[in-house]
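Close look at the chain arrangement
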Amino acid sequence: MGQIVAQETSRVSILQLWGHYAPHQIHQSQCAPDPRFGGRLGAQDLENEIDWLFGTALGGFVPPALGGQFPVDLYEDKDNTYVRAELPGVERDAISVEMVEGSLSIQASRKEKTADGESSVSFNRLVSIPDEVDAAKVTASYENGILTVSLPRREESKPKKINVSVN
Amino acid sequence: MSFFNSLIPTATGAVSRIEPEALPARRPSYEINESESGYTLAVNLPGVSKEGLEITDEGGELRIAGKRASRLPEKAVVLHRESSDAAFELVLEHDNTIDPSKTEAELKDGVLHLKLAKAESAKPRKIAVS
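Calculation rules
- Counting starts from 1 at the beginning of each chain's written sequence and moves along it residue by residue.
- In the order they appear in the text, chains get letters beginning with A and ligands get numbers beginning with 1.
- Given that the model is predicted, a residue must reach a pLDDT of at least 70 before its local features are reported, and side-chain atom pairs must reach 80 or more before they are shown or counted; all residues, however, enter totals for whole chains, interfaces and linings.
- The side-chain quantities take in all heavy atoms of the structure and omit both hydrogens and water.
- Numbering goes from the N terminus for both helices and strands, where a helix is a DSSP run of H or I of at least four residues and a strand is a run of E of at least two.
- Here's how the labels work: a residue is buried when its accessible area is under 20% of the maximum for its type, exposed when over 50%, partly exposed in between, all with a 1.4 Å probe on protein chains only.
- In these tables, accessible area is a Shrake-Rupley quantity obtained with a 1.4 Å probe, and a residue counts as shielded only by the protein chains included in the view.
- The patches reported here contain residues having more than 30% relative accessible area and no salt bridge. Joining distances are 9 Å for like charges and 5 Å for nonpolar side chains (Val, Leu, Ile, Met, Phe, Trp, Tyr).
- Any carboxyl oxygen of Asp or Glu within 4 Å of a side-chain nitrogen of Lys or Arg constitutes a salt bridge here.
- Note: two strands are recorded as paired if DSSP finds a minimum of 2 bridges between them.
- Note on method: axes are straight lines fitted to C-alpha atoms, helices fitted across the in-contact stretch only, with angles between N-to-C directions ranging 0 to 180 degrees.
- The predictor's confidence in any single residue is recorded as pLDDT, a number from 0 to 100.
- The contact rule is simple, with two residues in contact once any of their heavy atoms fall within 4.5 Å.
- For Phe, Tyr and Trp, where Trp contributes only its six-membered ring, two rings pair if their centres lie within 6.5 Å, and the inter-plane angle classes them as stacked under 30 degrees, edge-to-face over 60, or tilted in between.

1. Comments concerning the overall build of chain B
For chain B, the helix and strand inventory stands at 1 helix and 8 strands. Across chain B, helices and strands are ordered from the amino to the carboxyl terminus as α-β-β-β-β-β-β-β-β. Per-residue burial over chain B gives 40% buried out of 130 residues. For chain B, the accessible area works out to roughly 7300 Å², and carbon and sulfur atoms hold 51% of it.

2. A look at a nonpolar patch on the surface
On the surface, a nonpolar cluster with roughly 380 Å² of combined accessible area is contributed by Ile162, Val164 and Val166 of chain A. For isoleucine 162 of chain A, the position within the fold is in the segment after strand S8 (146-152).

3. Some thoughts on the sheet that holds strand S2 (residues 38-44) of chain B
All names here are of chain B. Spatial ordering of the open sheet is given by S1-S2-S8-S7, a layout of 4 strands whose pairing is antiparallel. Of all the strands in the sheet, the pair left with one neighbour each is strand S1 (30-34) and strand S7 (98-108). On average, each strand axis in the sheet is tilted by 15° relative to the strand beside it, whichever way the strands run. Here S7 pairs with strand S8 (residues 111-118) via 7 bridges, running antiparallel. Directly across from alanine 105, in S8, lies its bridge partner leucine 114.

4. Description of the pattern of salt bridges
Side chains that differ in sign of charge can pair as their charged atoms come close. With the rule as written, the count across this model stands at 14 salt bridges over all chains. Each of Asp73 and Arg84 of chain A together with Arg81 and Asp85 of chain B takes part in salt bridges that share partners, so that together they form one network.

5. Overview of unusual backbone geometry
The phi torsion at glutamate 101 of chain A lies on the positive side, around 40°, for a residue other than glycine. Mapped onto the elements, glutamate 101 of chain A comes out in the loop between strand S4 (95-100) and strand S5 (103-114). Of note, asparagine 96 of chain B is a non-glycine position whose phi angle comes to about 60°, a positive value. Mapping asparagine 96 of chain B onto the fold places it in the loop between strand S6 (88-93) and S7. Residue asparagine 96 of chain B is classed as partly exposed on the basis of its relative accessible area of 48%.

6. A short note on the confidence of the model for chain B
Residue and element names in this part refer to chain B. For chain B, the mean per-residue pLDDT works out to 83, and 85% of the residues sit at or above 70. Across chain B, S6 holds the top mean pLDDT of 94, while helix H1 (residues 2-7) sits lowest at 54. When the criterion is pLDDT under 50, residues 9-15 qualifies, and its contacts beyond four places in sequence or with other chains add up to 16 contacts. Reported confidence for the predicted complex is 0.75 by ipTM and 0.65 by pTM.

7. As for the sheet that holds strand S3 (residues 80-86) of chain A
The 5 strands are arranged S7(A)-S8(A)-S3(A)-S2(A)-S5(B) in an open sheet whose pairing can be described as antiparallel. In this open sheet, the two strands that pair with only one neighbour each are strand S7 (139-143) of chain A together with strand S5 (77-80) of chain B. Averaged over neighbouring strand pairs, the angle between their axes works out to 25° when direction is ignored. The sheet contact formed by strand S2 (residues 72-76) of chain A and S5 of chain B spans 3 bridges and is antiparallel. Residue pairing for S5 of chain B: leucine 74 of chain A is matched across the bridge by histidine 80 of chain B.

8. Some details on the packing of aromatic side chains
Residues and elements named next belong to chain A. Within this structure, the stated rule accounts for 2 aromatic pairs over all chains. Judged by centre distance (6.3 Å) and plane angle (80°), the rings of phenylalanine 70 and phenylalanine 123 are edge-to-face. Highlighted residues: phenylalanine 70 in the loop between helix H3 (64-67) and S2 and phenylalanine 123 in strand S6 (residues 117-128), separated in sequence by 53 residues. The residues phenylalanine 70 and phenylalanine 123 share a single accessibility class, namely buried. Judged by centre distance (5.1 Å) and plane angle (20°), the rings of tyrosine 75 and tyrosine 82 are stacked. Of the two residues, tyrosine 75 and tyrosine 82, neither departs from the other in class, the shared state being buried.

9. Description of the environment of proline 46 of chain B
All names here are of chain B. Mapping proline 46 onto the fold places it in the loop between S2 and strand S3 (48-58). On the accessibility criterion, proline 46 (6% relative accessible area) is buried. Considering only alpha carbons, one finds proline 46 and alanine 69, 23 residues apart in sequence, at a separation of 9.4 Å.

10. Section: the pairing of S2 of chain A
Residue and element names in this part refer to chain A. Burial analysis of S2 places 5 of its 5 residues in the buried class, the great majority of the element. Of the two faces of S2, the one lined by Val72, Leu74 and Glu76 and the one lined by Asp73 and Tyr75 are each fully buried. In this structure, S2 lies alongside S3, joined through 5 bridges in antiparallel fashion. Paired with valine 72 across the bridge in S3 is alanine 85. Hairpin connection between S2 and S3: a loop of 3 residues separates the two successive antiparallel strands.

Next comes the structure, spelled out in structure tokens:
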């Protein structure tokens, strides 16, 4: 019979011999080596082991990354604040974005086919927006499984340039 | 330590910019289901476009590599960062029990759906007892 065997590429560990090794339990964020310590080879190996141990020991208690919520980025430029969320495999109709009292609420649901038919998984996240936002002008786009919400700042909350003459 | 970074992403300086090419590839989350004739594989690849995706099947090894197309704009000031620009890589061994010529792939909304057909030799065969 055919069998698909998962293979770890980024990490080979003697700890795998301990017998509790189950690749599907390790979330991506826990097995990716931290690049900021990349220069120190030994330290990186040790980190991987620690991450792996945490991933295994707490696997049942700590949901993968951030409490099962989807990852969110918050960034800004001159005129807008942006919220970007990773929501792979979600239909556009199943995403709802709302501004609620200075926070952005993102809700999404994904239908999943299971052995007994279809089940729906829903996600939601509330992101507090640091600046005054013009709620009427908020726009959102969804591409390649990534939702980007643009929140234009209100005119009065934009930084104003004041010229000071020095005598 | 990414476990701690995942708890306090900003406090540990995770907002600093690192070139995506310098980051080690991440293993995406995926799901495999088996049917009589083959397998279906769904891989979460948020931010990966068709152009950045590479699927190879060689020597009994299926390799899926995806580079992220969507990145934060250069001039933006990052206030909080939880996602990563690191590329995805998933390698699955199948011992040639899959017929690569019959593999079908579809990338939709950041999820790659692969249909893998079982090789004829791997299908169950009934043997009559004479």
